[in-house]
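# Descriptive analysis of the structure
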Amino acid sequence: MWQPKLIMMNGELVPFDEAGLHPLSLAVTYAATVFEGLRAYQTPDNEQFSLFRLAEHIRRLQAGMKLLRFDGTYETDYLRDCLTRLIYANEPDGDVYIRLLVYIEGAGLMSTTGPVGFTAAAMPRTRPKLGDTGLSLGVSSWQRLSDNACPPRIKSTANYLNARLVSHQAKADGYDGALMLTPQGKVSEAPIACFFMVRDGQLITPDRSSNILESITRDTILTRYRELTGSRVEERIVDRSELYLADEAFLCGTGQEILPVTSIDRLPVGNGTIGPITEQLRQDYFAIVRGSVPDHPEWRTLI
Ligand SMILES: Cc1ncc(COP(=O)(O)O)c(C=O)c1O
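Residues numbered from 1 in each chain as written. Predicted model: local features only at pLDDT ≥ 70, side-chain atom pairs only at ≥ 80, totals over all residues. Heavy atoms only, no water.

## Some words on the packing of helix α2 (residues 54–67) against helix α3 (residues 76–89)
Put simply, the test is: Lines are fitted to the C-alpha atoms to define the axes, a helix being fitted only along its stretch in contact, and any angle between axes, read from their N-to-C directions, falls within 0 to 180 degrees. Note on conventions: DSSP H or I runs of at least 4 residues are helices, E runs of at least 2 residues are strands, and numbering of each starts at the N terminus. Definitions for this section: a left-handed crossing has its near helix turned counterclockwise from the far helix by less than a right angle. A right-handed crossing has that turn clockwise. It only takes one pair of heavy atoms within 4.5 Å for two residues to be counted as in contact. Throughout this entry, Asp, Glu, Lys and Arg are counted as charged residues, while Ala, Val, Leu, Ile, Met, Phe, Trp, Tyr, Cys and Pro are counted as nonpolar. The remaining residues, Gly among them, count as polar.
For the pair α2 and α3, the least separation of the axes is 10 Å and the interaxial angle reads 115 degrees. Relative to α3, α2 is oriented so that their crossing is right-handed. Across from Leu54, Ile58, Leu61 and Gln62 in α2, the residues of α3 making contact are Thr76, Leu79, Arg80 and Leu83. In the contact of α2 with α3, the residues fall into 5 nonpolar, 2 polar and 1 charged.

## Overview of the packing of aromatic side chains
Our working rule: Each aromatic pair joins two rings of Phe, Tyr and Trp (for Trp, the six-membered one) with centres within 6.5 Å, and gets the label stacked for planes under 30 degrees apart, edge-to-face for over 60, and tilted for any other angle. For every residue, the accessible area (1.4 Å probe, protein chains only) is compared with the maximum for its type, and the residue is labelled buried under 20%, exposed over 50%, or partly exposed between those bounds. Charges are assigned to positions over rings by a cutoff of 6 Å between ring centre and Lys NZ or Arg CZ, combined with an angular limit of 35 degrees from the ring normal.
All chains considered together, the criterion is met by 8 aromatic pairs. Here Phe52 and Tyr285 contribute two aromatic rings whose centre-to-centre distance is 5.9 Å and whose plane-to-plane angle is 85 degrees, an arrangement assigned as edge-to-face. Of the two residues, Phe52 is situated in strand β4 (residues 49–52) and Tyr285 in helix α7 (residues 276–290); the sequence distance between them amounts to 233 residues. Neither Phe52 nor Tyr285 differs from the other in exposure class; each is buried. Ring geometry for Tyr74 against Phe118: centres 5.1 Å apart, planes inclined by 75 degrees, an arrangement best described as edge-to-face. With Tyr74 in the loop between α2 and α3 and Phe118 in strand β6 (residues 116–124), the pair connects residues that are 44 residues apart, well separated along the chain. Taking relative accessible area as the criterion, Phe118 reaches 1% and is therefore assigned buried. For the cation-ring pair, Arg125 lies above Tyr97, with the distance from its terminal atom to the ring centre recorded as 4.4 Å. Seen from the ring of Phe286, Arg127 lies directly overhead, with NZ or CZ sitting 3.5 Å from the centre.

## Quick word on the domain arrangement of the protein chain
By convention, interface size is frequently given as the accessible area that disappears when the constituent parts associate. The test is simple: What counts as a domain boundary in this text is fixed by an automatic or database domain assignment. As used here, buried area is the combined drop in accessible area, with a 1.4 Å probe, of two parts when they are placed together. The working definition used for a salt bridge is a side-chain nitrogen of Lys or Arg within 4 Å of a carboxyl oxygen of Asp or Glu. A 3.5 Å cut-off defines polar contacts: any pair of N or O atoms within that distance qualifies, except that in protein one atom must be a possible hydrogen donor and the other a possible acceptor, and neighbouring residues in sequence count only when both atoms are side-chain atoms.
Domain assignment breaks the protein chain into domain 1 (6–126) and domain 2 (130–290). Here the C-alpha centroids of domain 1 and domain 2 sit 25 Å apart. On the domain 2 side, the residues contacting the 25 residues of domain 1 number 22 residues. Taken together, both faces of the contact between domain 1 and domain 2 bury some 1900 Å²; the carbon and sulfur share is 59%. Viewed at the interface, domain 2 and domain 1 are joined by 3 salt bridges. Note that Arg39 is salt-bridged to Glu257, the shortest N-O span being 3.9 Å. Remark: the boundary between domain 1 and domain 2 carries 10 residue pairs in polar contact (both at pLDDT 80 or more).

## As for the pairing of strand β7 (residues 135–143)
Going by this rule: At least two bridges found by DSSP between two strands are what make those strands a pair. Classification remark: right-handed applies to a crossover when, strands pointing away from the viewer, the course from the first strand over the helix to the second runs clockwise.
The pairing of β7 with strand β13 (residues 257–264) spans 3 bridges and is parallel. Considered in β13, the bridge of Ser136 is made with Ser263. With 4 bridges joining them, β7 and strand β8 (residues 177–181) adopt parallel strand pairing. Pairing of Val139 across the sheet is with Leu179, part of β8. In this view, the connection linking β7 to its parallel neighbour β8 by way of helix α4 (residues 159–172) has right-handed handedness.

## Here's the deal with the site of the ligand
Put simply, the test is: Near, as used in this document, describes a residue that has one of its heavy atoms within 4 Å of the molecule or strand being considered. Site definitions follow a grid-based scheme: protein atoms alone, a 1 Å grid, a 1.4 Å probe that fits but cannot get out for cavities, and for pockets an open set with protein on both sides within 12 Å along at least five of seven lines, plus lining residues having an atom within 4 Å of a point. A cavity or pocket is said to hold a molecule if more than half of that molecule's atoms lie within 2 Å of its grid points.
The full set close to the ligand counts 17 residues, and Lys155, Tyr160, Glu189, Thr217 and Thr254 are the nearest of them. Side-chain polar atom of Tyr160 to an oxygen atom of the ligand: 2.5 Å apart, as the coordinates give it. Here an oxygen atom of the ligand and a side-chain polar atom of Ser215 are 2.7 Å apart. Given that more than half its atoms are within 2 Å of the pocket grid, the ligand belongs to the largest pocket. Those elements that place two or more of their residues in the shell around the ligand are α5 (216–229) and β12 (248–253).

## Some words on the pattern of salt bridges
Per the counting criterion, the structure on display carries 24 salt bridges. The closest approach of N and O atoms between Arg53 and Glu56, which form a salt bridge, is 3.2 Å. Judged on exposure class, the residue Arg53 and its partner Glu56 are both buried. A salt bridge links Asp295 to Arg224; the shortest N-O distance between them is 3.3 Å. One end of the pair, Asp295, is in the loop between α7 and β15 (300–302); the other, Arg224, is in helix α5, and 71 residues separate them in sequence.

Below is the structure:
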């Protein structure tokens, strides 16, 4: 498998192992960083790459920079050109996962707003194996962050301290992953993915006020489900006890893509196998991101 050779810092390509940031930067001391995880899929003819929903990823990055009061912003065209240079410089022969981090690179006080810098890295990332078998989740005893403390709707590095605690607890308890509840005890999301479930034929997901990241894959599923079935996904508050009565469940995210969930707190989801709605959405997602179906060309930026 290909390996990253070069990484980009502030628009310049540098050897991957030589990238560095000062330890006293606010990015390190106060987690003054927002980031994105994107995928560039090889097109079906293997001739090009398609950045999936680039504009939406950049918009979320810009929203995070605004909320955290970073100086200035980065324009989509500039970042698209940077990512194109980065990807081709690494000569990948398969799909690419991109980490794009924007941070305050200077040392300073808590309220310092610049100078702002960015790093973009291109790495190989294969499809998670549990995607074909389904995963076990446990409901974490750690709560999801709340909006008026550390807003989960933006993708800030600081939010992943919460995710890390949850992930370690799940591992120690022998689960493949975890679900978090809001401080009100309602279902929120997983440490690095959003949650969907099917009950009585209805696809349901926690609403945007359930302390979730404003996920781009979640939005893709909301759109595709409506187009494929003519029905809307129910976006609403989800009670914990509903988890145990679900007929199907899955997680979704750029990195995770669509991961079926087959048990929660050791109770089987439905009959404990991957459900038909989950499988249909999964196959559709794989076709859409790569462009093996022509729908939504605006979601694929060809480079
Ligand atoms: C906490 C959290 N929720 C949801 C997601 C899914 O977001 P997206 O679909 O934009 O990748 C991620 C992935 O980055 C995440 O970290």
